[in-house]
Amino acid sequence: MPCARPTRAQVSAGPAASDRLTASASLYYNTDTVTGLRIDPSAATPIWSQLEEQLRQLVATRRLAPGAPVPSVRALAAELIVNPATVAKAYQRLCDAGVLVVRRGEGTFVADRPPEMSRTERARALRESAERYAAVARTLGAGTDEAIAAVEAVLGRLDRAIGGSKR
Amino acid sequence: MTDDIARFEAVTAGYGGRPVLDGFDLRLRRGAVYALLARNGEGKTTAVRCLLGLEPVAAGRVSLFGLDPWSERTRALARVAYVPEEPDALPGLTAPRLGRTVAGLMPRWEAAIYSAQLDRAGVPRDVPFARLSRGQKAHVELALALASRPDFLVLDDPTLGLDHVARRAFYGELIHELVERGVTVFITSHDIAAIEKIATHVGVLRRGKLALDMEIEALKAGFRRVRFGKHVPMPARPLRVESGLWGVEAVLGDYQPAELESWRQKTGAEVAPMSLEEIFVAVADDKEVA
């Protein structure tokens, strides 16, 4: 759904009914395309951790660009119908990790230079995902070349989608 | 003055031979959103009634803002608002007249809160309460409760019988209130998905006692489901064990992560986290376990 980018006043106002009841507090692309967060209460992962993970993902894939504003804790809590403390916890962890920054009186933003993962952290995360994918590929009876080709195709598509800016 | 809004200490209550609450302990701290979950007939409503001084306890003690809600009801309930399971406002009155009636009884009443809530919920002003929809009635009850600016809000299964849209709107108003004023909340409900999103603490009432009482953050980390072959030795301290379609299944509610991991490596068992709903079913199910 296309949606006008909310002004800072709307995002931080909270109590305005129109603000809470529409999608104006949604996270959005820097190209004005609305994206969203999906909370799954039936998942085994705690809600703060789902939020943290998805926000991290949006930043990592640049769908939330460096310096972009994110909704206030209150606005996001109201939109997702989640306890504000839960949203605050996810934001706090992302601030501690340097992914988000709070500018006093202005709001919360994606850091201008979101931190890179450490090399060992990244290697571990990659290996864990690769293990899952490799197991699926072998279960399907795919050979090594076929499995690698599928990954390459997906990577190529992703790079084109984000303008090849991040490799 | 402590940070306790309300407290149950070894409370026994209920009718005649069979006490519904039996040695029930619960502590509710300021700022918490405490959700009490239970199967039907396990005494959720009795707990709420004791808390609000609508029912005496047979043994033990209930305190509300440090006072006994049964013998000092008026003072204890001065800053408490209640949304009942069955909407019980005067049936012949329209929402605005209900507001004016309640306003006279509530020293901290704020008419603007009341009318803003009615507006957001789209409650018609000219229809008597009895002829409103179930969802509109719930909104009027919530608006009446919140406009009295309580420090403590008690909700007894407030979304029972509401459809998904009405439930979402109701919880949306509740979150709005939390954001604006940080009221302490005690809520009973069967709506586990919604509860998980708004609660800070969860309790499960089973056989008159609190079978589970945890901060929501610790909750999912505290439970694991394990699945293993028939001849594998049991993990330590299972909460319940069942023979399932895919082997033996056990629920662990009190495990040592290192101990569990070494058991998993030895046995090749499958270890999985659990959702709140699964945890509730495991704790609340009355079948004899383990």
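In case you missed it, the structure is sitting above this.
Rules used throughout
- Position numbers for residues start from 1 in each chain and track the written sequence from start to end.
- Chains and ligands are labelled sequentially in the order written, the chains with letters from A and the ligands with numbers from 1.
- In view of the model being predicted, local features appear only for residues whose pLDDT reaches at least 70, and side-chain atom pairs are presented and counted only at 80 or more, with totals across whole chains, interfaces and linings using the full set of residues.
- The side-chain values count all of the structure's non-hydrogen atoms but skip hydrogen atoms and water molecules.
- Both site types are read off a 1 Å grid over the protein atoms alone. A 1.4 Å probe that fits but cannot get out defines a cavity, while an open set with protein on both sides within 12 Å along at least five of seven lines defines a pocket; lining residues have an atom within 4 Å of a point.
- Grid points are joined across faces, edges and corners, and a volume is the space filled by probe spheres set on the points.
- Put simply, DSSP H or I for four residues or longer makes a helix, DSSP E for two residues or longer makes a strand, and each gets a number counted from the N terminus.
- Charged means Asp, Glu, Lys or Arg here, nonpolar means Ala, Val, Leu, Ile, Met, Phe, Trp, Tyr, Cys or Pro, and polar covers whatever is left, Gly included.
- Nonpolar cores are built from buried Ala, Val, Leu, Ile, Met, Phe, Trp, Tyr and Cys residues. Side-chain atoms within 4.5 Å join them into one set.
- Three labels apply to residues, based on accessible area from a 1.4 Å probe with only protein chains included: buried if under 20% of the type maximum, exposed if over 50%, partly exposed otherwise in between.
- Any two residues having at least one pair of non-hydrogen atoms within 4.5 Å are treated as being in contact.
- Here, strands pair whenever DSSP counts at least two bridges between them.
- Orient the strands so they point away from the viewer, and a crossover whose first-strand-to-second-strand path over the helix runs clockwise is right-handed.
- We define buried area as the total accessible area lost by two parts upon association, computed with a 1.4 Å probe and summed across both.
- Salt bridges are identified by distance alone: a Lys or Arg side-chain nitrogen within 4 Å of an Asp or Glu carboxyl oxygen.
- Side-chain atoms alone can form a polar contact between residues adjacent in sequence; in general such a contact is a pair of N or O atoms within 3.5 Å, and within protein one must be able to donate a hydrogen while the other accepts it.
- Fitted lines through C-alpha atoms give the axes, limited to the stretch in contact for helices. The angle between two N-to-C directions lies from 0 to 180 degrees.

A. The arrangement of the layout of surface pockets in detail. Residues and elements named next belong to chain B. Taken as a whole, the second largest pocket spans an internal volume of roughly 720 Å³. Contributions of two or more residues to the lining of the second largest pocket are made by helix H2 (73-76), strand S5 (80-83), helix H3 (95-103) and helix H5 (134-147). Counted by class, the lining of the second largest pocket contains 17 nonpolar, three polar and three charged residues.

B. Layout of the nonpolar core. If you look at the biggest cluster of nonpolar residues, it comprises 63 residues, and the most contacted ones within it are A:Leu51, B:Leu153, B:Leu155, B:Tyr171, B:Val185 and B:Phe223. At seven residues, the largest contribution of residues to this core is made by helix H6 (residues 164-181) of chain B. Not counting the four nearest positions on each side in its chain, B:Phe223 is found in contact with B:Leu212, B:Met214, B:Leu239, B:Val251, B:Leu252, B:Gly253, B:Tyr255, B:Pro273, B:Met274, B:Ile279 and B:Val283. In terms of nonpolar packing, the next biggest core, distinct from the first, is built from 29 residues, B:Val48, B:Cys50, B:Phe186 and B:Leu210 among them.

C. Region of the structure containing the pairing of strand S6 (residues 152-156) of chain B. All names here are of chain B. For S6, the buried fraction is high: five of the five residues fall into the buried class. Along S6, one buried face is formed by Phe 152, Val 154 and Asp 156 and the opposite face, lined by Leu 153 and Leu 155, is buried too. As paired elements, S6 and strand S7 (residues 184-188) share five bridges and run parallel to each other. Paired with Leu 155 across the bridge in S7 is Ile 187. This β-α-β element, S6 to H6 to S7, shows right-handed connectivity.

D. Seen up close, the side chain of B:Gln117. Note on placement: B:Gln117 falls in helix H4 (residues 111-121). Excluding its chain neighbours within four sequence positions, the residues that come into contact with B:Gln117 are B:Leu142, B:Ala143, B:Leu146 and B:Glu173.

E. View of the interface of chain B and chain A. Across the contact, 21 residues belong to chain B and 23 residues belong to chain A. Note on chain B versus chain A: buried area summed over both sides is about 1900 Å², and carbon and sulfur give 60% of it. The tally of links from chain B across to chain A stands at two salt bridges. Our enumeration of links across chain B and chain A arrives at seven residue pairs in polar contact (both at pLDDT 80 or more). Of all the secondary structure elements, the ones that give two or more residues to the side of chain B that touches chain A are H6, helix H7 (192-198) and helix H8 (216-221) of chain B. Here the side of chain B that touches chain A takes nine residues from H6(B), the largest share from any one element.

F. Inspection of the sheet that holds strand S4 (residues 59-64) of chain B at higher detail. Residues and elements named next belong to chain B. The strand order across the open sheet built from three strands is S2-S1-S4, with neighbouring strands paired in antiparallel fashion. In the strand order of this sheet, the two ends are held by strand S2 (18-29) and S4, each with one partner. Between one strand axis and the next, the sheet turns through 20 degrees on average, direction left out of account. As judged from the nine bridges shared by strand S1 (residues 4-15) and S2, these two strands associate in the antiparallel manner. Across the sheet, Val 11 pairs through a bridge with Phe 24, a residue of S2. Packing of helix H1 (residues 44-51) onto the sheet brings it into contact with S1, S2 and S4, and relative to S1 it is tilted by some 120 degrees.

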